[in-house]
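# Analysis of the macromolecular model
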Number of protein chains: 2
Amino acid sequence: MSELSRAVMERTFRQWKTQCLNKLDQSKKGSVDQHIEHVVSLLNSCEQYFTTSSCSGRVVLLDGPPESSDVQKQNCVWLLVSHQKCTADELVSGLAKAGRDAVLKFEPFVLHVQCRRLEDAQLVHSAAINSGFRNSGLTVGKSGKIITAVRSTHGLEVPLSHDGKLLVAPEYLHFLTQIANQKMEENLRRIHRFYQNLQSALTTEKLQTLQLPDPPSSQGCSQSPPDRLETEKDEENKASVYKRRRRRERHQADCCHGDESSGVQELDDCLDLLT
Amino acid sequence: MSELSRAVMERTFRQWKTQCLNKLDQSKKGSVDQHIEHVVSLLNSCEQYFTTSSCSGRVVLLDGPPESSDVQKQNCVWLLVSHQKCTADELVSGLAKAGRDAVLKFEPFVLHVQCRRLEDAQLVHSAAINSGFRNSGLTVGKSGKIITAVRSTHGLEVPLSHDGKLLVAPEYLHFLTQIANQKMEENLRRIHRFYQNLQSALTTEKLQTLQLPDPPSSQGCSQSPPDRLETEKDEENKASVYKRRRRRERHQADCCHGDESSGVQELDDCLDLLT
């Protein structure tokens, strides 16, 4: 890419960022979830990133038409939405209002980050994969928009009623609440890990950029990073634990057609960016 | 990118492809699932693609430690794996063998495609998003490996036993089997749509390349595409239906912090590549 076209793209990116951050939050809730405010702030403080949507993770109880018909969320009633741990009583109260097919879901953390350049997107993607968000991926639009989506494989989706009739016993609802709350805890641990991995990677990148003064625009995080040596050491340990885990998982070859050395290789390639 | 480095990258890609396709299939099953053989063949017949792993979609019953402890699949026993619709009897038989915490999952179609160039990856990604595989995304490794992962949001994950004790009634297992089978059907419909979208996009790209003779290497599918006009018309209709659906979904703003115009905008950018 020529210097000129790079400069034009970077100016366009800055315009997109200004427009996006000046807009009203158009989500139902209207604000960033408390559990991920620090993650969103960290990214938005970097000139190479801005977040376009996020959810810290939630338990939802949806009431809607059966699976075989239109399963779009707009035809559903939200009987319960909780971004915190929930109680079996809340679940029971929600279910009492179900008139169709109610489904309990745990929806983990999701984050969309628009990135200035492909290498900036790779950094976020790599931090996400290292933190356990294995369904993360990039989108590259024809207009030059690059977005990293941070997504987890970690879910729960349990049908609980059919035509308004409850299908399970109260004891099962208690058990299910525990499971959903455990998933919520694990989700928060992963978010914490992602924040640390991101901070660490941004610090490393900043230091590398200081050693190589050109291009200067790769610097640009306004938040001061933590003690680098401590963080990096922690990070190395964590990343290698994750690498080992993924290697073990790969040996299971739980995909149906797979090439062990290249099937999940993409993740390692991506990991190698940072570790 | 210079002509030389592009040529080097393309040679490297050809070597990767040859190595990958000459290797034994290292998955548990050892072969490509019947439902997606045509998709895998179509991609591997194109010089710009090869598949590295895939699963057509399956119902699995896993028995393992509770959620709070190590949830890695390697510590689990697979009580049931079915790539076809399954019966309640199969589920009941599987559960009879559960000694720990059994969980029923529907895992939808997943496919990893290594791509020669970023624009080749965008084509597959766009076809995937247009077909309803909304969790699809790219991975770009530092070695230049570009992989598109085709993934669905369409799942099911239901805890069924704790410490070997069944938590639900037989009627619920019948209902759950129906739900899982409906998800399997919808999954197959999306695979079919993905195949059609992919064929159509590859045909359009090929025709465009014929009009613009440079670079010649963008041609290269050995499978003959269907009647283009008919397919394209169908495709346009389908893609616009999907676009409308996604716009409707966006109005729900079911993410917690979201900017309606850019939150899921990435998908439209991506869609715009083809439609």
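Residues numbered from 1 in each chain as written. Chains lettered and ligands numbered in written order. Predicted model: local features only at pLDDT ≥ 70, side-chain atom pairs only at ≥ 80, totals over all residues. Heavy atoms only, no water.

### Thoughts on the nonpolar core
Condition: Put simply, buried Ala, Val, Leu, Ile, Met, Phe, Trp, Tyr and Cys residues joined by side-chain atoms within 4.5 Å make one nonpolar core. Exposure classes here rest on a 1.4 Å probe applied to the protein chains alone. A residue is buried below 20% of its type maximum, exposed above 50%, and partly exposed in between. Contact definition: two residues touch when any of their heavy atoms are within 4.5 Å.
Judged by nonpolar contacts, the single largest core of 55 residues is most densely connected at Phe194(A) and Phe194(B). Beyond its immediate chain neighbours, meaning those up to four positions away, Phe194(A) contacts Val39(A), Phe109(A), Leu111(A), Val124(A), Ala127(A), Ala128(A), Ser131(A), Phe133(A) and Val150(A). Counting 44 residues, the second largest nonpolar core, distinct from the first, contains Ala98(A), Val168(A), Leu160(B) and Val168(B).

### What about the pattern of salt bridges?
Note on pairing: side chains with opposite charge can pair once their charged atoms come close. Residues and elements named next belong to chain A. Put simply, the rule reads: Salt bridges are defined by distance alone: a side-chain nitrogen of Lys or Arg within 4 Å of a carboxyl oxygen of Asp or Glu. Secondary structure elements are defined from DSSP: runs of H or I of at least 4 residues count as helices, runs of E of at least 2 residues count as strands, and each element is numbered from the N terminus.
Inspection of the entire model under this criterion finds 18 salt bridges over all chains. The partner of Arg-117 in a salt bridge is Glu-10, and the shortest N-O contact between them spans 2.6 Å. One end of the pair, Arg-117, is in the loop between β3 (101-115) and α4 (118-130); the other, Glu-10, is in helix α1 (residues 3-22), and 107 residues separate them in sequence. Accessibility assignment for this pair places Arg-117 and Glu-10 in one class, buried. For the salt bridge of Glu-186 with Arg-190, the shortest nitrogen-to-oxygen distance reads 2.9 Å. A residue pair is termed a helical-turn pair when its members lie 3 or 4 positions apart in one helix, as Glu-186 and Arg-190 do in helix α5 (residues 170-211) at four residues. When its relative accessible area of 10% is taken as the criterion, Arg-190 is described as buried. If you follow the salt bridges from partner to partner, you end up with Glu-10, Arg-117 and Glu-119 in one network.

### What to know about unusual backbone geometry
Residue Asp163(A) is not a glycine yet carries a positive backbone phi of 50 degrees. By secondary structure assignment, the location of Asp163(A) is in the loop between β7 (161-162) and β8 (165-166).

### Let's talk about the packing of aromatic side chains
Where we set the bar: Here is the rule: rings of Phe, Tyr and Trp (six-membered ring for Trp) pair when centre to centre is within 6.5 Å. Planes less than 30 degrees apart are stacked, more than 60 are edge-to-face, and the remainder are tilted. The rule for a charge over a ring is simple: NZ of Lys or CZ of Arg within 6 Å of the ring centre, and within 35 degrees of the ring normal.
In the structure shown here, the tally under the stated rule is nine aromatic pairs over all chains. Between Phe13(B) and Phe50(B), the aromatic rings sit 5.4 Å apart at their centres with planes inclined by 50 degrees, giving tilted as the arrangement. Here Phe13(B) is found in helix α1 (residues 3-22), whereas its partner Phe50(B) is found in strand β1 (residues 49-64), with 37 residues between them in sequence. Judged by its relative accessible area of 2%, Phe13(B) is buried. An aromatic cluster of three or more residues is present, and its members are Phe109(A), Phe133(A) and Phe194(A). Geometry around Trp16(A) places Lys145(A) over its ring, the cationic atom sitting 5.3 Å from the centre.

### Observations concerning the packing of helix α3 (residues 88-96) of chain B against helix α5 (residues 170-211) of chain B
All names here are of chain B. The criterion, for reference: A fitted line through C-alpha atoms represents every axis, and for helices the fit uses only the stretch in contact; the resulting angles, taken between N-to-C directions, go from 0 to 180 degrees. By definition in this entry, angles of less than 35 degrees are roughly parallel, angles greater than 145 are roughly antiparallel, angles of 65 to 115 are roughly perpendicular, and the rest are oblique. By the definition used in this description, the sense in which the near helix is turned from the far one sets the handedness, with an anticlockwise turn below a right angle giving left-handed and a clockwise turn giving right-handed.
It is at 9 Å that the axes of α3 and α5 come closest, and there the two elements cross at 120 degrees. Viewed along their axes, α3 and α5 adopt a mutual orientation that is oblique. In the packing of α3 onto α5, the handedness of the crossing is right-handed. Judged by residue contacts, Ala-88, Leu-91, Val-92 and Leu-95 of α3 engage Leu-173, His-174 and Thr-177 from α5.

### Some remarks on the confidence of the model for chain A
Residues and elements named next belong to chain A. Just so we agree on the cut-off: The quantity called pLDDT is the predictor's confidence in a given residue, expressed from 0 to 100.
Summary statistics for chain A give a mean pLDDT of 81 and a share of 73% for residues scoring 70 or more. Segment residues 222-255: pLDDT under 50, and 62 contacts once partners within four positions in sequence are set aside and those in other chains are kept. Across residues 259-275 the pLDDT falls below 50, and counting only partners more than four positions away or on other chains, this stretch makes 52 contacts in the model.

### Looking at the environment of Glu37(A)
Residue and element names in this part refer to chain A. Tracing the backbone shows Glu-37 in helix α2 (residues 37-44). Glu-37 gets classed as partly exposed once you look at its relative accessible area, which sits at 42%. With 19 residues separating them in the primary sequence, Glu-37 and Ser-56 have C-alpha atoms 9.0 Å apart.

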